[in-house]
Amino acid sequence: MQQYSGFGLLKHSLTYHENWQRVWNNPIPKKHYDVVIIGGGGHGLATAYYLAKEHGITNIAVVEKGYLGGGNTARNTTIVRSNYLWDEASHLYEHSLKLWEGLAQDLNYNLMFSQRGVLNLGHTLQDMRDIERRVNANRLNGIDGEVLSTAQIQEMVPILDCSKNARYPVLGASWQARAGTARHDAVAWGFARAAAALGVDLLQQTEVTGIRRKDDAVVGVETNRGFISAGKVACVAAGNSTVIAKMVGMELPLESHPLQAMVSEPLKPILNTVVMSNHVHGYISQSDKGDLVIGAGIDGYLGYGQRGSFNVVEHTIAAIIEMFPIFSRVRLNRAWGGIVDTCPDACPIISKTHIKGLYFNCGWGTGGFKATPGAGHVFAHTIAHDDPHPLAKPFSIDRFTSGELIDEHGAAGVAH
Amino acid sequence: MLLIKCPYCEEQREEEEFSPAGQAHIVRPLNPEELSDEQWARYLFFRKNPRGLHHELWLHAHGCRKYFNMTRNTVTYQIMETYKMGQQPSVTASQEVK
């Protein structure tokens, strides 16, 4: 793999950037892989990378029906944070945030990771009580967090309407300074490049149509490019996880919903942090390109269509304009939807199954992007050892039967 | 935005008047205390989530405030039919028209 560096950039500029090496190759599927990963998004590619890097398994294929990072990885609002309420969830997301902090160096790829901080606004007394509880829980778990007053927020974000006359007055906020944003596509590309360099086969345009079993173990996957034999199969298919599970007659406690987001036309720098509000239901940041990146709420109905209803977009915009009256004349450039697989307790499933050699990483719902490196890391451990990583253990599929749910609706349900 | 015909009001109205309420025709077990944990979990948490035809429950929240059923394609979002509570769907996956 060609190392990227400032010097390399200078060198290639002399040849008009026409001689850059291909970032990954486009291999022909082999007959057998030790691990086949279904789904070439951020999580799938991260899983492949950590399997190859930390567990020495390099005979891996990542099977993707479209193109790499073309699903929810390309459709989220790029926010990274770890201020979840419950111990299990906050440990997992903090593990991920710690990996984020060194990831660009690790992958030798510019992820444009920017720890610009995340504000979660409170608009009611109950909001503020919840925020204080969550910040205290975070601090006990060693995660940075602060409760800010309205004056402090106003100083930080002058364009936010903090007046007393606002329809939903801002009473305070939680602040996580280490949180921020990352370039979503670069995360998929960075993991893909690093995984390919370690010998992982990235099979794009390869759709899994069935999973072959022998007795109670998986032996491979049927694809539109023929049968691929596999020692282990790991499913990281987000919104389509239940479709894959159905191929082996398994049911998952997931529902797939459309989740929408949108960007405005590019503006000069005006918002240097991430502002989220659960109460009025909007969240916004400004990308390095200058567009305002705005996340909408989830559509209530089931949907695999990668699009949602317009009224959801309208509600989101109303909330954003309520918070930032200055944006009322900004024009939107694009809006889109992704399919998110939501769990009843708003926490993911990272689990072995009753079928030997079949693993699932799914149910991330609205907040999977921030967990990309962490989820890949613990899922790779789970696959390699056929035993859940200590951080992944509470997220077993068995929790729906045992009742040990991790109710993160407060920290995850709306804000992503 | 979906245009939905409420089978009680018999009018085609915009989606904003309605709220989705999940999978239809879920039968509450009559003998919950006799169920195993697996069966109870299945009743509480496991839903069909099909890619294709889905029978689901909707509430005409800003209208007649009645629940009704709908058969809808979850990929194209096409609404095949709406029908009253207690009735059975006339469009089912086996007779799906592509």
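Residues numbered from 1 in each chain as written. Chains lettered and ligands numbered in written order. Predicted model: local features only at pLDDT ≥ 70, side-chain atom pairs only at ≥ 80, totals over all residues.

## Let's talk about the domain arrangement of chain A
Residues and elements named next belong to chain A. Taken as a whole, chain A is organised into domain 1 (6-82 + 84-109 + 184-253 + 345-412) and domain 2 (118-177 + 256-342). Distance from the C-alpha centre of domain 1 to the C-alpha centre of domain 2: 27 Å. With 25 residues of domain 1 at the contact, the number on the domain 2 side is 24 residues. Looking at the side of domain 1 that touches domain 2, the elements with two or more residues in it are helix H3 (87-107), helix H7 (241-247) and helix H11 (409-412). In terms of residue count, H3 provides more of the side of domain 1 that touches domain 2 than any other element does, four residues in total. The residue makeup of the side of domain 1 that touches domain 2, split by class, is six nonpolar, 15 polar and four charged. (Domains from an automatic or database assignment. Contact = placed C-beta atoms within 7 Å. Helix = DSSP H or I, 4+ residues; strand = E, 2+ residues; numbered from the N terminus. Nonpolar A, V, L, I, M, F, W, Y, C, P; charged D, E, K, R; others polar.)

## Considerations on the interface of chain B and chain A
Each partner contributes residues to the interface: chain B has 20 residues there, and chain A has 19 residues. Sorting the residues of the side of chain B that touches chain A by element identifies strand S3 (19-23), helix H1 (37-45) and strand S4 (53-59) of chain B as the ones contributing at least two each. Among the residues forming the side of chain B that touches chain A, the class breakdown is eight nonpolar, five polar and seven charged.

## A short note on the sheet that holds S4 of chain B
By way of backbone hydrogen bonds, the strands of a sheet pair with one another, either parallel or antiparallel. All names here are of chain B. Strand order in this open sheet of four strands is S3-S4-S5-S6, and the pairing throughout is antiparallel. Taken across any chain shown, the strands that pair with only one partner, and hence form the sheet edges, are S3 and strand S6 (79-83). For this sheet, the mean inter-axis angle between neighbouring strands, taken without regard to orientation, is 30°. In this structure, strand S5 (residues 67-73) lies alongside S6, joined through four bridges in antiparallel fashion. Considered in S6, the bridge of Met 70 is made with Thr 82. (Pairing = 2+ DSSP bridges. Axes fitted to C-alpha atoms, helices over the stretch in contact; angles between N-to-C directions.)

## Re the pairing of strand S1 (residues 3-6) of chain B
Residues and elements named next belong to chain B. What you see with S1 is a clean split: Ile 4 and Cys 6 sit on the buried side and Leu 3 and Lys 5 on the side with no burial. Summarising the sheet, S1 and strand S2 (residues 11-14) pair through four bridges and their orientation is antiparallel. Bridge pairing in S2 links Cys 6 to Glu 11. (Buried ≥ 20, exposed ≤ 12 C-beta atoms within 10 Å, placed from the backbone.)

## A look at the packing of H3 of chain A against helix H9 (residues 372-385) of chain A
Residue and element names in this part refer to chain A. Orientation of H3 relative to H9, taken along the N-to-C sense of each, is 110°, at an axis distance of 7 Å. When the axes of H3 and H9 are compared, the pair comes out roughly perpendicular. Contacts between H3 and H9 involve Leu 92, Tyr 93, His 95, Ser 96, Leu 99, Trp 100 and Leu 103 on the former and, on the latter, Pro 373, Gly 374, Ala 375 and His 377. A breakdown of the residues in the contact of H3 with H9 according to their chemical character gives seven nonpolar, four polar and no charged. (Parallel < 35°, antiparallel > 145°, perpendicular 65-115°, else oblique.)

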